[in-house]
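Letter by letter, the chains look like this.
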Amino acid sequence: MDSILVKGGGALNGQIPIAGAKNACLTLMPATLLSDEPLTLTNAPRLSDIKTMTQLLASLGAEVTSLQDGKVLAMSTHGDINTRAEYDIVRKMRASNLVLGPLLAREGHAEVSLPGGCAIGARPMDIHTDGLTKMGAEIDLRDGYLHAKADGGKLKGAVIDFPFASVGATENIMMAATLAKGTTVINNAAREPEIVDLATCLRAMGAQIDGDGTPTITIQGVDKLHGATHRVVTDRIELGTYMLAPAICGGEVELLGGKIDLLGAFCEKLDAAGINVEETDKGLKVARKNGRIRAVDVTTEPFPGFPTDLQAQMMALLCTAEGTSVLEEKIFENRFMHAPELMRMGADIDVQGGTATVTGVEKLKGAPVMATDLRASVSLILAGLAAEGETRVARVYHLDRGYEHVVRKLSGVGANIERIAGD
Ligand code: EPU
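Just so you know, these numbers come straight off a predicted model, no measurement behind them. Residue numbers run consecutively from 1 along every chain, following the written order of its sequence. A pLDDT threshold of at least 70 governs which residues receive local features in this predicted model, and a stricter bar of 80 or more applies before side-chain atom pairs are shown or counted, although totals over entire chains, interfaces and linings include all residues. As a convention, hydrogens and water are excluded, and side-chain values are obtained from all of the structure's heavy atoms.

**Let's talk about the overall build of the protein**
Right, on to step 1. Every helix listed is a DSSP run of H or I at least four residues long, and every strand listed is a run of E at least two residues long, numbered separately from the N terminus. Of the regular secondary structure elements, the protein holds 14 helices and 24 strands.
Right, on to step 2. Along the three orthogonal principal directions, the C-alpha set of the protein runs to about 65 × 45 × 40 Å.
Right, on to step 3. Looking at the protein as a whole, 56% of its 423 residues qualify as buried.
Right, on to step 4. Roughly 16,100 Å² of accessible area belongs to the protein as shown, and the carbon and sulfur atoms make up 48% of that amount. Per-residue accessibility, obtained with a 1.4 Å probe over protein chains only, is compared with the maximum for each type, and a residue is labelled buried under 20%, exposed over 50%, and partly exposed between these values. Areas reported here follow the Shrake-Rupley algorithm with a probe of radius 1.4 Å; residue values treat only the protein chains shown as occluding.

**Topic: unusual backbone geometry**
Right, on to step 1. Between Phe 303 and Pro 304 the backbone carries a cis peptide bond, its omega angle lying at 10 degrees.
Right, on to step 2. On the secondary structure map, Pro 304 appears in the loop between strand S18 (298-299) and helix H10 (311-318).
Right, on to step 3. Unusually for a residue other than glycine, Asn 43 sits at a positive phi of about 60 degrees.
Right, on to step 4. The topology assignment puts Asn 43 in the loop between strand S3 (39-42) and helix H2 (48-59).
Right, on to step 5. The backbone of Asp 69 shows a phi angle near 60 degrees, a positive value even though the residue is not glycine.

**Some words on the packing of helix H8 (residues 236-249) against helix H9 (residues 264-273)**
Right, on to step 1. Lines fitted to C-alpha atoms define the axes here, with helix axes fitted over just the stretch in contact, and angles between the N-to-C directions of these axes take values from 0 to 180 degrees. Between H8 and H9, whose axes approach to 11 Å, the crossing angle comes to 10 degrees. If you check the angle between H8 and H9, you find them roughly parallel. Between H8, through Gly 240, Met 243 and Leu 244, and H9, the contact on the second element is made entirely by Phe 266, Cys 267 and Leu 270.
Right, on to step 2. Each residue is assigned to one class: nonpolar for Ala, Val, Leu, Ile, Met, Phe, Trp, Tyr, Cys and Pro, charged for Asp, Glu, Lys and Arg, and polar for all the others, Gly among them. Residue classes in the contact of H8 with H9 are distributed as five nonpolar, one polar and no charged. Orientation categories follow fixed angle ranges, with anything under 35 degrees roughly parallel, anything over 145 roughly antiparallel, 65 to 115 roughly perpendicular, and all other angles oblique. Two residues qualify as a contact provided that any one of their heavy atoms is within 4.5 Å of a heavy atom in the partner residue.

**Remarks on the pattern of salt bridges**
Charged atoms that come close allow side chains of opposite charge to pair.
Right, on to step 1. We define a salt bridge as a contact between a side-chain nitrogen of Lys or Arg and a carboxyl oxygen of Asp or Glu at a distance within 4 Å. This structure, assessed with the given rule, holds 22 salt bridges.
Right, on to step 2. One salt bridge in this structure joins Arg 46 and Asp 69, with 3.1 Å as the shortest N-O distance. Note that Arg 46 is positioned in the loop between S3 and H2 and Asp 69 in the loop between strand S4 (63-67) and strand S5 (72-76), a separation of 23 residues in sequence.
Right, on to step 3. Taking relative accessible area as the criterion, Arg 46 reaches 23% and is therefore assigned partly exposed.
Right, on to step 4. Its salt-bridge partner being Asp 88, residue Arg 91 comes within 3.7 Å of it at the nearest N-O pair.
Right, on to step 5. One connected set of salt bridges, linked through shared partners, spans Arg 46, Asp 69, Glu 238, Glu 404 and Lys 409.

**Looking at the site of the ligand**
Right, on to step 1. If a single non-hydrogen atom of a residue is within 4 Å of a molecule or strand, that residue counts as near it. Surveying the vicinity of the ligand reveals 21 residues, the closest of which are Asp 126, Ile 127, Ser 166, Asp 309 and Ile 331.
Right, on to step 2. Whenever two N or O atoms come within 3.5 Å, that pair is a polar contact, provided that in protein one can donate a hydrogen and the other can accept it, and provided that, for residues adjacent in sequence, both atoms are side-chain atoms. Within the side chain of Arg 375, an N or O atom sits 2.7 Å from an oxygen atom of the ligand.
Right, on to step 3. Bound to the protein, the ligand loses 86% of the 830 Å² it would expose on its own.
Right, on to step 4. Detection works on a 1 Å grid of protein atoms alone, calling trapped sets that fit a 1.4 Å probe cavities and calling open sets with protein on both sides within 12 Å along at least five of seven lines pockets, with lining residues defined by an atom within 4 Å of a point. Should more than half of a molecule's atoms lie within 2 Å of a pocket's or cavity's grid points, that molecule is taken to sit in it. A majority-of-atoms criterion places the ligand in the largest pocket.
Right, on to step 5. Within the residue set of the shell around the ligand, elements represented by two or more residues are helix H1 (22-28), helix H5 (126-134), helix H6 (167-178) and helix H12 (374-386).
Right, on to step 6. Considering every element that reaches the shell around the ligand, the biggest residue donor is H5, with three residues.
Right, on to step 7. Of the residues belonging to the shell around the ligand, the class tally is 10 nonpolar, five polar and six charged.

**Topic: the packing of aromatic side chains**
Right, on to step 1. A pair of Phe, Tyr and Trp rings is counted when the ring centres sit within 6.5 Å of each other, with Trp represented by its six-membered ring. The angle between the planes then sorts it: under 30 degrees is stacked, over 60 is edge-to-face, the rest tilted. Under the defined criterion, the tally for this structure stands at two aromatic pairs.
Right, on to step 2. Considering the side-chain rings of Tyr 242 and Tyr 403, the 6.3 Å spacing of their centres and the 75 degrees angle between planes classify their relative orientation as edge-to-face. Taken as a pair, Tyr 242 in helix H8 and Tyr 403 in the loop between helix H13 (397-402) and helix H14 (406-411) lie far apart in primary sequence, 161 residues in all.
Right, on to step 3. Its relative accessible area of 1% is what places Tyr 242 among the buried residues.
Right, on to step 4. Ring geometry for Phe 266 versus Phe 306: centroids 5.7 Å apart, planes at 55 degrees, classification tilted. With a gap of 40 residues between them, Phe 266 in helix H9 and Phe 306 in the loop between S18 and H10 connect regions that are remote in the sequence. An identical accessibility class is assigned to Phe 266 and Phe 306; each is buried.

**Observations concerning the pairing of strand S17 (residues 283-288)**
On a regular strand, each side chain points to the face opposite its neighbour's, so the side chains alternate between the two faces of the sheet.
Right, on to step 1. Pairing analysis gives five bridges linking strand S15 (residues 251-256) to S17, with the strands arranged antiparallel. Looking at the pairing, Leu 255 lines up with Leu 284 of S17.
Right, on to step 2. Where strand S16 (residues 275-279) lies against S17, five bridges are found, and the strand directions are antiparallel. Each residue of the ladder has a partner; that of Ile 275, found in S17, is Arg 288.
Right, on to step 3. The pairing criterion is simple: DSSP has to find at least two bridges between the two strands. Where S16 folds back on S17, the antiparallel hairpin that results is connected by three residues.

**Re the state of the cysteines**
Right, on to step 1. The disulfide criterion is simple: two cysteine sulfur atoms within 2.5 Å. Across all of its chains, the model carries zero disulfides by this definition.
Right, on to step 2. Considering cysteine sulfurs only, Cys 319 is the nearest to Cys 249, which forms no disulfide, with 13 Å between them.
Right, on to step 3. No disulfide involves Cys 267; its sulfur sits 18 Å from that of Cys 249, the nearest cysteine.

This is the structure:
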């Protein structure tokens, strides 16, 4: 297994291009199942999760062709398809559950393996299945698979009140509802930019959707969707991650393609911590205002709140801030696995349930560390960039799931970072 070796200390200067969003692309790809005409995505990120989704869609009978070095995905799902999403693929990536709504809408039935938990929490699917049940699906769990069947072979519109604004459930129900009979209303829907991106793509395919980006989304079912070409929205989590690089190390970095409205709550916390974020005609420029970073308290929330997917990276910043910061994780029950690794680098962190108290230290010290998930992994790289000495981050396959060309992007702004093959 490869690892990443980081030598800390230097300031970072230059530009980093930001890719298309992993989490948008992973929900846009299953939308190909809703039409037998081609769907083409541009600005796709080059990630192993995208390869896993490609493999899953191919197993269902879709054709997915990767063009322009993976930046364009040309997809087509014509003719007969297979409706069973196998455990062997689904277990690798939870986002595989996003084929459930489209398969059910297209074929009237689907068999999708339950993904199981992961390093950050249990991650059940009750909000997805309760919504689909309201739309007339009968869903049983047998042999680890959800067996879903639409009453009369077609889903029906329904009013669905989510108990929590789940991103995946909003996406699954929104896709299912595009081909249902009648109108579906999702109350307490997720508002993430990836939801708006999916709605924009579905509208380009002929779907009738209103209210995306607000808590109430209305979808009027249509008989058929057609082909479209859609550009994947900028990855706000990759953006936020690299905004933290000059914040932690010093220097000034411009994030190409970045926009403040993708990360409003995050930018407010950076400002309070003493980091300047300026909009330019190409993206966002980030630098420290002056002196040491100040402690800030952070609570993760659904969009437009502070994203859970940036909590680990923010913790890396706050490890060397002046004062004590309190981080509350409200989305996932087990998302502080990076804390003990940061402590191996000299950080002062006390975790009690969903709350981490971080007391800033003057400097972190390099150490061999290990990541348990994607965001934890990149937080250790950020910490390593600011630490004294060498940090070796093992289990880099987590990183490959969500950050394309991480070594190239960070060394392009002057970071001392390399990938080491093997153990
Ligand atoms: N939840 C339920 N029941 C459900 C669905 C969700 O209890 O039926 C709970 C989850 O267990 C979790 C919370 O609700 O505690 C949030 O889950 P949500 O459904 O909103 O998340 P998701 O769709 O599974 C997406 C991203 C995650 C990101 C979350 C929250 C994708 C592919 N994944 O997951 O991204 O953290 O939204 O914003 O879009 C990552 O990229 O590192 C990542 C984990």
